[in-house]
Amino acid sequence: MPEQIATRFQSPGDGRPDAGMLAAWERDGFLVLDGFYTAADCARLRRRAAALLEGFDPDEHRTPFNTRDYVHARDDYFCASAAGIGFFLEPGALDEAGNLVVDKRLAVNKIGHALHDVDPEFDRFSRNPRLAALVAGLGVRDPLLVQSMYLCKQPRIGDEVPPHQDSTFLHTRPESVIGLWVALEDATVANGCMWAAAGAHRGSLRRLFHRREGQLVMETLDTEPLPQADTPLPAPSGTLVVLHGRLPHCSGHNTGAVSRHAYAVHVVDANAEWSPANWLQRPPDLPLRGFQRDRTPTTR
Ligand code: FE2
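Treat the numbers as computed from the prediction; the structure is a model and nothing was measured.

## Details of the overall build of the chain
And then number 1: Of regular secondary structure, the chain possesses six helices and 16 strands.
And then number 2: Relative to a compact globule of 300 residues, whose C-alpha radius of gyration would be 19 Å, the chain shows 18 Å and is just as compact.
And then number 3: Taking the principal axes of its C-alpha atoms as reference, the chain extends roughly 55 × 45 × 45 Å.
And then number 4: Relative to its 300 residues, the chain shows a buried fraction of 57%.
And then number 5: Per element, the accessible surface of the chain, about 12800 Å² overall, is 52% carbon and sulfur.
And then number 6: For the chain, the separation between the mean place of its 32 positive charges and that of its 38 negative charges on side chains is 3 Å.

Below is the structure:
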């Protein structure tokens, strides 16, 4: 199947999507907004992530992030990261004996999942007023920032992310999740940019990742295969990609020699019911919050 070409926009100055963007959002289930964040914004977040990586002790936690069988999901470290900062390794960073085969700074697949609520730099980046205006313009009346991830996609070992829908992992009734993904370095086909199945957000939700009888399980809701994600979304640093919760998307293996750092925040509508079966549950002392920067983050 030939590759499709994604519609792209220059970022709106005030963040609010115009009529053309809203039409593309309805039609495609995604938006690509170039230049949403400045080079300085991106550099600042990369520096903060580098500092976090420097402090990471791989001898304490060796949890690979595996999107094929979700073995990490059986790990308490993964569940605890809902309210803190966890480091998840690239499967290719470990040998069969579990030893790191690359420097720790090049071994991490992602850092998550409450960066935006416990780290001041990530709080600032996530609660950008233009991002709040964009989300409001897309019709989210009462947004909650539920999850944040710093995605490293390391050179050569950066693993692929198979096609999925974000509503599988962050479920509300009715569904309301929106993914906000920011390229912090240039994302290309060679280093594993995002791909999407344009328009397929109108299809059914295929799977649900949730707690059942005390275990995290992946349940099939609809056996219809996801359509092919045939639209590459290459993204120069600073580009924001917005993803509908039902949109099938994936990213490729990083076969190149340069990393592809990105940052993703997921937002839901507080007027929808947050499923008590979601893997991500917050303790009472760290409730989910919106875009207001009204609380001093506390490092956990
Ligand atoms: Fe996703």
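## Topic: helix α1 (residues 19–28)
And then number 1: Regarding α1, the residues found buried are M21, A24, W25 and D28. Seen along its axis, α1 keeps its buried residues to an arc of 105 degrees; they face one direction. Turned more than 90 degrees off the buried face of α1, the exposed positions are A19 and E26.
And then number 2: Put simply, D18 is the residue that caps the front of α1, since its side-chain oxygen is 3.1 Å from the backbone nitrogen of G20.
And then number 3: Of the residues flanking the end of α1, it is G29, one or two places downstream, whose phi is positive at about 85 degrees.

## Describing the coordination of the iron ion
And then number 1: Within the protein, H164 (NE2), D166 (OD) and H249 (NE2) serve as the donor atoms for the iron ion, at 2.1 to 2.2 Å.
And then number 2: Read in sequence order, the donor residues coordinating the iron ion give the pattern H-x1-D-x82-H. This pair shows no difference in class: H164 is buried, exactly as D166 is.

## Concerning the side chain of H201
And then number 1: Mapped onto the elements of the fold, H201 is located in the loop between β9 (194–196) and β10 (207–212).
And then number 2: Since its relative accessible area comes to 9%, H201 is described here as buried.
And then number 3: Apart from the residues lying within four places of it in its own chain, the contact partners of H201 are W25, E26, R27, D28, G29, H244, R246, L247 and P248.

## Details of helix α6 (residues 129–137)
And then number 1: Where α6 is concerned, the buried positions are L131, A133, L134, V135 and G137.
And then number 2: Phi turns positive one or two residues past the end of α6, at G139, with a value near 100 degrees.

## Re the nonpolar core
And then number 1: Counting 58 residues, the largest nonpolar core has L31, L134, L180, L240 and V242 as the members making the most contacts within it.
And then number 2: Ranked by the residues each element gives to this core, the list is headed by helix α2 (residues 39–55), at five residues.
And then number 3: Dropping the residues within four chain positions of it, L180 is found in contact with L131, L134, V135, L240, V241, V242, Y263, A264, V265 and V267.
And then number 4: One finds A196, A229, A235 and V241 within the second-largest nonpolar core, a separate group that totals 21 residues.

## Quick look at the pattern of salt bridges
And then number 1: Across all of its chains, the model carries 16 salt bridges by this definition.
And then number 2: D103 serves as the salt-bridge partner of R105, at 2.9 Å between the closest nitrogen and oxygen.
And then number 3: On the accessibility criterion, D103 (38% relative accessible area) is partly exposed.
And then number 4: Among the salt bridges present, the one from D123 reaches R293, with a minimum N-O distance of 3.1 Å. Of this pair, D123 sits in helix α5 (residues 120–126) while R293 sits in the segment after β16 (273–274); the two residues are 170 residues apart in sequence, bridging distant segments of the chain.
And then number 5: When its relative accessible area of 1% is taken as the criterion, D123 is described as buried.
And then number 6: Here the salt bridges do not stand alone but share partners, grouping D117, D123, R127, R282, R289 and R293 into one network.

Rules used in this analysis
- Residues numbered from 1 in each chain as written.
- Predicted model: local features only at pLDDT ≥ 70, side-chain atom pairs only at ≥ 80, totals over all residues.
- Heavy atoms only, no water.
- Helix = DSSP H or I, 4+ residues; strand = E, 2+ residues; numbered from the N terminus.
- Rg over C-alpha atoms; globule rule 2.2 N^0.38 Å.
- Buried < 20%, exposed > 50% of the residue type's maximum accessible area, 1.4 Å probe, protein only.
- Areas by Shrake-Rupley, 256 points an atom, 1.4 Å probe, with all protein chains shown as cover.
- Lys, Arg positive; Asp, Glu negative; His and termini not counted.
- Charge placed at Lys NZ, Arg CZ, Asp CG, Glu CD.
- Arc of directions from axis to C-beta.
- Polar contact = N/O pair within 3.5 Å; in protein donor to acceptor, adjacent residues only side chain to side chain.
- Donors = N, O, S within 2.8 Å, 3.2 Å for Na, K, Ca; no water.
- Contact = heavy atoms within 4.5 Å.
- Core = buried A, V, L, I, M, F, W, Y, C linked by side-chain atoms within 4.5 Å.
- Salt bridge = Lys/Arg side-chain N within 4 Å of Asp/Glu carboxyl O.

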